[in-house]
Amino acid sequence: QAKAGNPEMAIALLRAYNDWHIDGWCGRHPGRLVPLAIPPMWDTAEMAREVRRVAKKGCHAITFADTPGGLGYPSLHDEHWDPFWKACADEGTVVCIHIGSGTGILTRMFLENGNHVFGVEPNQAMREAGSRCGRKSTRIRSAIWIRMWV
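All of these numbers come straight from a predicted model, not from anything done at the bench. (Residues numbered from 1 in each chain as written. Predicted model: local features only at pLDDT ≥ 70, side-chain atom pairs only at ≥ 80, totals over all residues. Heavy atoms only, no water.)

## Thoughts on the packing of aromatic side chains
No. 1: In the structure shown here, the tally under the stated rule is seven aromatic pairs.
No. 2: An angle of 50° between the planes, with centres 5.6 Å apart, marks the rings of Tyr17 and Trp20 as tilted. With Tyr17 and Trp20 both in helix 1 (residues 7-25), this residue pair falls three residues apart, about one helical turn.
No. 3: Among the residues examined, Tyr17 registers a relative accessible area of 37% and is labelled partly exposed.
No. 4: Exposure remark for Trp20: the relative accessible area of 44% places this residue in the partly exposed category.
No. 5: Taking the centre distance of 6.1 Å and the plane angle of 70° together, the rings of Tyr73 and Trp81 count as edge-to-face.
No. 6: In this structure Tyr73 comes out as partly exposed when scored by relative accessible area, which is 24%.
No. 7: An aromatic cluster of three or more residues is present, and its members are Phe64, Tyr73, Trp81, Phe84 and Trp85. (Phe/Tyr/Trp six-rings, centres within 6.5 Å; stacked < 30°, edge-to-face > 60°. Helix = DSSP H or I, 4+ residues; strand = E, 2+ residues; numbered from the N terminus. Buried < 20%, exposed > 50% of the residue type's maximum accessible area, 1.4 Å probe, protein only.)

## Some points on the pattern of salt bridges
No. 1: Scanning the entire structure with this criterion turns up 10 salt bridges.
No. 2: For the salt bridge of Glu50 with Arg15, the shortest nitrogen-to-oxygen distance reads 3.0 Å. Of the two residues, Glu50 is situated in helix 2 (residues 44-56) and Arg15 in helix 1; the sequence distance between them amounts to 35 residues.
No. 3: Under the relative-accessibility criterion, Glu50 is labelled buried at 1%.
No. 4: Lys86 is the partner of Asp90 in a salt bridge, and the nearest nitrogen-oxygen pair spans 2.8 Å. Placement of the pair is Asp90 and Lys86 together in helix 3 (residues 82-91), with a separation of four residues, close to one helical turn.
No. 5: For Asp90, a relative accessible area of 32% translates into the label partly exposed. (Salt bridge = Lys/Arg side-chain N within 4 Å of Asp/Glu carboxyl O.)

Printed below as a string of structure tokens:
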């Protein structure tokens, strides 16, 4: 919806999903499931607002692309993301780097490098996230989510 020129609808859908995930799915099993919100990556001001909104609901984890440049957004090193990083630091929200988040980088790395892809990509994502975020705030926490392929 955001790409189709309807950012209001996109935000409404994203918030509905996050609310269902936090309240309806994880809220049914408190202490057992940890909610992980999805940010509206197309608008960093909205990203910051969503981090703060879901934090008020008790959600302190949010996903983020491993290489946003592969999705057409600026690099993790770019100041473009500063409102998001600041909101995460202020709210104590963990940024969960989603490996293989639609950029195609894992497929390319697997084809080029073989089976050691999981040793390379997580380290690269953490270095990229830490290099930018760590300079801005020592309060940024991050994690890597890896879906293992069998």
